[in-house]
Amino acid sequence: MRLTMKIRNYWLHSSKAAMCLLLTAVLLLLSPLAARAQQEEEQKGVDQGNYNIKQSIEFGGRFTNLSGDFQAYDTFVNLQQGPRLLGFTTEMRSLDHHATFFDRLYFNNFGYGGDPNMVSRLRVSKNKWYGVDALFRKDENFWNYSLQANPLNPTTPFTNGPAGYGPPACTSCVLGVSPHLFNTRRKLGDYSLLVLPDSKIRFRLGYSRNTVEGPGLSSIHEGTEQILLENYKTTVNTYRLGVDFRLLPRTNISYDQIWNYYKGDTGITDPFPNPLFHLSNGTPVDLGWSLNAGASQPCGNTFGGAPPGSGNVNPLCSAAFNYSNQRRTRTNTPTEQLTMQSNYWKDLDLSGRVGYSGGDTNVSGYNEILNGRTSRSNLRNDSFTGPVLGRRVAATADFGATWHIVGNLSFLDSFHFANWHNPVQFLSSECTFFSPNLLTPANVFSTTATLPLACAAPSDGLAGTPMHSASSGPDISILSVSHFLKQDEKTNLAEIEYQFTPRLGGRLGHRYRSRTIADASLASGIFVFFPNLQNGRTPPAPYNTGTCPVANNVGANGPCLLTMAGLADSAETQIHENAAVVGVWARPVDNLRVSFDAEIAKADNTFTRITPTETKEFRLRAKYKAASWVSLNGSVYVWLGRNPETTINNEQHNRAYGISAILQPMEKLGIEIGYDYNDVFSQILICYISVAAGQPGPGIQACPNGPGLTQQLSTYTNKSHYGFFDFTAMPFRHFTARLGANLTGTAGSQLRLDPQALIPNQVTGPLNSKWLHPFGGLEYQFTKNWTGKAYWDYYGYHEDPTAGAVQDIFAPRNFRGNLVTLSVRYAF
Amino acid sequence: MKRLAPLELTFPFLLGLILFFLAAVHTFGGQPPRSQSGKKNDQKSYSRPTDPSQYVGAETCKTCHEDMPTKGFYKNYEDSPHYETTLDTRKGPEWHGCEACHGPGKAHVEGGGDKTKIFTFKNASAAEISARCLDCHQYGEEHSNFARSAHLQNGVSCTDCHDPHHAKESQFLMKEKAPQLCYGCHQEVKQQFNRTFHHRVNEGLVQCNDCHNPHGGFLTRSARATSSQDIVCFKCHADKAGPFVYEHKSVKIEGCAACHTPHGSSNARLLKRAQVNLLCLECHAFSADPTGPGAPPTPSFHNQAQKYQACTLCHTAIHGSNTDQFMFKP
């Protein structure tokens, strides 16, 4: 449901809980708590037993006042109102560094109570004995940004369409949600234990867990693009066991055994037959996301079902009654790793790493069922299943050495080797049933012939000869498809580093990178074609080796069996890249630091068209402390890339220039201010087809190798201005005021496909937009331990549809959000 | 206005900058301070003097440095993890207390606090500073490549991020909270994380060092890898890792950054282009050699004026599929 241009005003409609929280906060702010006696302890914590303990807790509530596109707000910000635990920290330190169970403990968390980001961290250590590090993160991800997968349906009405879809305009065709909306939660846990950290042999244990769960929308292209509910559920468990050996002087050797286990249980169903879209027998169907009457999508005369003018769905349409896609994916990857680091020889620093991963992947229980219709092929029911078996094997080896040739001169070498290959096989079985329309169940063909697969008939199937069309695929398909992808990569960076003085150093080097990418596939299969047209149909592309010959018919008018010989394909790409590397750093005076580095590379080949063959990268950073209260920073980043191949003509750049200052003219006043300009550009030749009429027209070039296609130079620009300031003042004792902002303005352009007849719903998306986040707040420390805080945040998003760019029909996705957070912090 | 081609910019820019640095050093540099390790500009690994008679012990340091240079200086040190070196009973005095980092203090004490007689980090080179710290801290995968890291190669030492005596953050003795610490130099990254679509670094959920190892590594931009030696993105986005029967090969070969700008973008899903079809068409386009290797071209019936402009409406499993060669389903 799209909730544009409404106001969610929690000032007026705040919940009881929030009001209670506000009241509590105010009472606490006004409460004359007898904490002055603890004034001295606030910085130092309290000593209790053998520990010094510092704690702080900040809690309060947030109130929101939102207007505009709530979906965009929730996608970008998603900070809602309600009570919150804004931060909690406990630090314990043993006074004599010899406590019984632990010497140091640190616990921190924030975001609990409903914020989209929640983090907890625990560190516990006992000198020489152990160290525990635990990090738990939970984030909520809401996505409803109507762009990427949106077919951008026009409002052209459907003849006889139901309310909202018929004349005068198909207002409901305009999708109110992103076809790929989701609302998921990710939980990330990383836990590690280090035993005997200072001993010659130490042990490491680790466990990580990553889960993603939640609902989302998706689509499947089966004639039309049916709306699907995708229930995300993935889990990764990683276990690690490591041992470090420090038996040799200045040398560490580590061995790690890691086991990574991925479980993918995401399932997909289609629970969205639209009650407004029904057949003449009243059965609702899912016509999918693409509703374009002018383009006959999902089909011609979509609401032309009998009786005429009734608005019933045309039974010849592509549509779905139901759809399901379930599977269990398991990837089990053990990894062994040996690392080494040594300064055993005085002038030589060495480090190295060797790792091997040999993982198995399998998809079991794969079961895809479609009950609907694909008009092109008369497909009515489809059942697709089969296991997936595969491997992922990765071997890596890294080696680094620094040779201090003389005092100021060093030679550095870093070598990286990575070789991985993924052989994966899908053994599929597919049973397909056909019927001439949505109102007629599929015909189930009976035969005495021995078939390679027994197919279960649809529950409503009718015995008879299937009604195939010339485009119908096989009735039974058994395929074995194997794919193999491999990359072998070697990179070596050799550098000479020279320190002219302690204030000036530089380096010069050469990077060589070699990649071999191999890709191979092999497919074989058996196809069964039932009458009718059993000798006039072919397997689907790319297995279309011709029609099933009459000689293969079993019986006079029986099924035709076609065995496909192994279909092999392979390709190999080799890329060699050389790069010059240079870097200089300087500290001309104590207060000035400058560094510059550059890399200029050229490759003899690329794997993708968008990867440049020539790149240049420059980075310049400077820090200048002009006075004790003024610090200036500047940075320049320039990346240039191109592929001059005439059929590609790719040029790209990314330039960023930034300057910032930190000012503290007096103890109670601090200012941080900065500006950054970023300029991104790309051009590349593309071929495409758009509005067919008149292409290619005057001034538009035909695609050299694509008859009927247009070739244009696709350009993209994105110029962004980012400014920020953060002003902090303490005008009175115990009182702090803060005001700041992060402001981003983006102006850009991209190729407008088909300039002769503009596509009305081509989008530029957010290319011309402003993203504003000013904030401010007051803090008052009314006793040594208690601080009251009141903060305001404004989030404003504004797309500019008048900036000379065509905006999509959902734009602008503007919103404004005023957030006030009242909190109390107690610390000792 | 004529746009300068990349090559036209490169060499004058490079030359100018180098000349600028040399001129700046010549003008402002004056007499460079002598290396404190004894040899001029010695950037080798730190070798601790082992003569016990040269060491005075932390308690001696305390007599002067209890409140110097700042009030509570020594107490602050006592509360820090480094103090635990004084508790070590197995190693010699060169591994204990203040002198574990600052070197033997006898000459300094006998010189009445002569600063030239002891190692101070303030005026030392990045290589010297780092050599001192790494003598204890480099053993382990996390720190083992710092000597070849981009940070050290650009004159950034341990004490530019960590402050053993006046750390603002108790954890790892950091000078500043992340990501503000990183933004101090990497300004171009700060603006990326302040775009509408970004990884939640400013929100505190993700940290720079989740993806990068600031202490260096063997991968480009000091990127980390997953535990199964894959690109770091797959640690969180595990469902994209595969392997798949039908791979979107550019994902595996060129990495996620072929299509996404990982820090932040004004484009949805951190894509490099605002409109998804313009991104896809850049690879899936006809070329002079349409039968050659590379991405298959967009079919001729994909009229970009219609639903086909929303590529991922149909190609939902764009990162890879196990069951469909066109990536229509997972």
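Residues numbered from 1 in each chain as written. Chains lettered and ligands numbered in written order. Predicted model: local features only at pLDDT ≥ 70, side-chain atom pairs only at ≥ 80, totals over all residues.

### A short note on the overall build of chain A
And step 1. Scanning chain A for helices and strands turns up 3 helices and 35 strands.
And step 2. For chain A, the spread of C-alpha atoms along the three principal axes comes to 100 × 70 × 65 Å.
And step 3. Looking at chain A residue by residue over its 828 residues, the buried ones come to 40%.
And step 4. Summarising the internal contacts of chain A: among those between residues at least 6 apart in sequence, 66% fall at separations of at least 24. (Helix = DSSP H or I, 4+ residues; strand = E, 2+ residues; numbered from the N terminus. Buried ≥ 20, exposed ≤ 12 C-beta atoms within 10 Å, placed from the backbone. Contact = placed C-beta atoms within 7 Å.)

### Some words on the overall build of chain B
And step 1. Helix and strand content of chain B: 13 helices and 4 strands.
And step 2. Considering chain B as a whole, with its 330 residues, one finds that 46% of them fall into the buried category.
And step 3. For chain B, restricting intrachain contacts to residue pairs at least 6 apart in sequence, the fraction spanning at least 24 positions comes to 48%.

### Here's the deal with the pairing of strand β32 (residues 735–750) of chain A
All names here are of chain A.
And step 1. Relative to β32, strand β31 (residues 710–729) runs antiparallel, the two sharing 14 bridges. Note that in β32 the partner of Gly 723 across the bridge is Leu 743.
And step 2. Here β31 folds back onto β32, and the loop between the two strands holds 5 residues, one of which, His 734, carries a positive phi near 70°. (Pairing = 2+ DSSP bridges.)

### Quick look at helix α6 (residues 126–137) of chain B
And step 1. Spanning 12 residues, α6(B) covers 15 Å between terminal C-alpha atoms, matching the ideal 16 Å at 1.5 Å per step.
And step 2. Contact partners of the buried residues in α6(B): β22 (476–501) of chain A together with α4 (97–102) and α7 (150–153) of chain B. (Expected span 1.5 Å × (residues − 1).)

### With respect to the confidence of the model for chain B
All names here are of chain B.
And step 1. Residues of chain B with pLDDT of at least 70 account for 84%, and the chain-wide mean is 84.
And step 2. Every residue in residues 1–9 is under pLDDT 50, and counting partners more than four places away or in other chains gives 5 contacts.
And step 3. Between residues 24–34, whose pLDDT stays under 50, and residues either more than four places distant or in other chains, the model counts 17 contacts.
And step 4. Listed scores for the predicted complex are pTM 0.90 and ipTM 0.91. (pLDDT = per-residue confidence, 0-100.)

### Topic: the environment of Ala457(A)
And step 1. Within the fold, Ala457(A) resides in the loop between β20 (443–444) and β21 (462–463).
And step 2. Sequence separation between Ala457(A) and Ile227(A) is 230 residues; the distance between their C-alpha atoms is 25 Å.

### Topic: the interface of chain B and chain A
And step 1. Listed as interface residues are 113 residues of chain B and, on the opposing side, 168 residues of chain A.
And step 2. Sorting the residues of the side of chain B that touches chain A by element identifies α1 (6–28), α9 (187–193), β2 (246–247), α11 (249–254), α12 (276–283) and α13 (311–314) of chain B as the ones contributing at least two each.
And step 3. Among the elements that take part in the side of chain B that touches chain A, α1(B) stands out by supplying 11 residues, more than any other.
And step 4. Grouping the amino acids of the side of chain B that touches chain A by side-chain chemistry returns 47 nonpolar, 43 polar and 23 charged. (Nonpolar A, V, L, I, M, F, W, Y, C, P; charged D, E, K, R; others polar.)

### Points about the pairing of strand β16 (residues 348–374) of chain A
For a regular strand, side-chain orientation follows a simple rule: the groups alternate between the two sheet faces.
Residue and element names in this part refer to chain A.
And step 1. One ladder, built from 20 bridges, connects strand β15 (residues 319–342) with β16; its direction is antiparallel. Of the residues in β16, the one forming a bridge with Tyr 323 is Leu 370.
And step 2. Connecting β15 to the next strand, β16, in antiparallel fashion are 5 residues.
And step 3. Looking at chain direction, β16 and strand β18 (residues 388–406) are connected through 16 bridges and run antiparallel. When the sheet's bridge partners are listed, Val 363 is paired in β18 with Val 388.
And step 4. In this structure, β16 lies alongside strand β17 (residues 379–385), joined through 6 bridges in antiparallel fashion. Counterpart to Thr 374 in the pairing with β17 is Leu 379.
And step 5. What sits between the antiparallel neighbours β16 and β17 is a turn of 4 residues, in which Asn 378 has the positive phi angle 65°.

### Things to note about the domain arrangement of chain B
Interfaces are frequently sized by the accessible area removed from exposure as the parts join.
Residues and elements named next belong to chain B.
And step 1. According to the domain assignment, chain B consists of domain 1 (52–173), domain 2 (180–222) and domain 3 (232–321).
And step 2. Computed over C-alpha atoms, the centres of domain 2 and domain 3 are 25 Å apart.
And step 3. Residue-level contacts link 10 residues of domain 2 with 10 residues of domain 3.
And step 4. Counting residues per element, the ones that place at least two in the side of domain 2 that touches domain 3 are α9 and β1 (197–198).
And step 5. If you tally residues by element for the side of domain 2 that touches domain 3, the top one is α9, at 3 residues. (Domains from an automatic or database assignment.)

### Remarks on the environment of Asp347(A)
Residue and element names in this part refer to chain A.
And step 1. Take Asp 347: it is sitting in the loop between β15 and β16.
And step 2. The exposure class of Asp 347 is partly exposed, given the 13 C-beta atoms found within 10 Å.
And step 3. For the pair Asp 347 and Asn 605, spaced 258 residues apart in sequence, the C-alpha separation works out to 39 Å.

### Overview of the confidence of the model for chain A
And step 1. Here chain A averages 89 in pLDDT, and 91% of its residues register 70 or above.
And step 2. Of the regions scoring below 50 in pLDDT, residues 10–15 of chain A engages in 9 contacts with residues more than four places distant in sequence or in other chains.

### Some thoughts on the nonpolar core
And step 1. Among the nonpolar cores identified, the biggest contains 56 residues, and Val285(A), Leu287(A), Val313(A), Ala319(A), Ile686(A) and Tyr688(A) are the most heavily contacted of them.
And step 2. Secondary structure elements with two or more residues in this core: β9 (201–222), β10 (224–245), β15 and β29 (669–688) of chain A together with α12 and α13 of chain B.
And step 3. Here this core takes 6 residues from α12(B), the largest share from any one element.
And step 4. By size, the runner-up hydrophobic cluster in this structure holds 24 residues, among which are Phe426(A), Ile476(A), Leu561(A) and Phe244(B). (Core = buried A, V, L, I, M, F, W, Y, C linked by C-beta atoms within 7 Å.)

### Description of unusual backbone geometry
And step 1. For the bond running from Ala306(A) to Pro307(A), omega is -10°, close enough to zero to count as cis.
And step 2. Tracing the backbone through its elements, the reader meets Pro307(A) in the loop between β14 (284–285) and β15.
And step 3. With an omega dihedral of 5°, the bond running from Gly242(B) to Pro243(B) counts as a cis peptide bond.
And step 4. Note on placement: Pro243(B) falls in the loop between α10 (208–211) and β2.
And step 5. Despite not being glycine, Ser222(B) has its phi angle at roughly 55°, a positive value.

### Concerning the environment of Ala285(B)
And step 1. Checked against the element boundaries, Ala285(B) lands in the loop between α12 and α13.
And step 2. The spacing of Ala285(B) and Thr298(B) is 13 residues in sequence and 6.0 Å in space, taken between C-alpha atoms.
And step 3. The residues touching Ala285(B), leaving out its near neighbours within four places in the chain, are Arg609(A), Ile686(A), Cys687(A), Pro297(B) and Thr298(B).

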